[in-house]
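Survey of secondary and tertiary structure
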Amino acid sequence: MTEISTCPLPEWARGRLLTIEEAAERLNTSVRFPRRLIEERRIAFVHLGRNVRIPEVALEAFIAAGLVEPVTARRGRAA
């Protein structure tokens, strides 16, 4: 019996794969924006034949990378 070799997937490729439309809905944008992210190689994606999917964890990482924390006001006198 032959053994099937399995290639371990990177962490970002595991889990749910989103369509372009699902990614656009999650980002609240048009489908053009995730397509542009893929074209510019700004987000990880998977080719499945002629289909393209974005791993959910890659989309979450992209969102987290763009997160800007609010500025808190300093109390007291400025020096």
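A few points on the structure. (Residues numbered from 1 in each chain as written. Predicted model: local features only at pLDDT ≥ 70, side-chain atom pairs only at ≥ 80, totals over all residues. Heavy atoms only, no water.)

**Concerning the nonpolar core**
One finds Leu-18, Ile-20, Ala-23, Leu-27, Leu-37, Ile-38, Ile-43, Phe-45, Ile-54, Ala-58 and Leu-59 forming the largest nonpolar core, which totals 11 residues. Sorting the residues of this core by element identifies helix H1 (20-27), helix H2 (32-39) and helix H3 (56-65) as the ones contributing at least two each. Looking at this core, the element that brings in the most residues is H1, giving three residues. (Core = buried A, V, L, I, M, F, W, Y, C linked by side-chain atoms within 4.5 Å. Buried < 20%, exposed > 50% of the residue type's maximum accessible area, 1.4 Å probe, protein only. Helix = DSSP H or I, 4+ residues; strand = E, 2+ residues; numbered from the N terminus.)

**A look at the sheet that holds strand S2 (residues 46-48)**
One open sheet accounts for three strands, arranged S1-S3-S2; its pairing is antiparallel. Lying at the two open borders of the sheet, with one neighbouring strand each, are strand S1 (17-18) and S2. Bridge analysis of S2 against strand S3 (residues 51-55) gives three bridges, and the strand direction is antiparallel. By the bridge assignment for S3, Val-46 is matched with Arg-53. Sheet strands in contact with H3 are S1 and S3, and its direction is about 60° off that of S3. (Pairing = 2+ DSSP bridges. Contact = heavy atoms within 4.5 Å. Axes fitted to C-alpha atoms, helices over the stretch in contact; angles between N-to-C directions.)

Keep in mind these numbers describe shape, not what the thing actually does.
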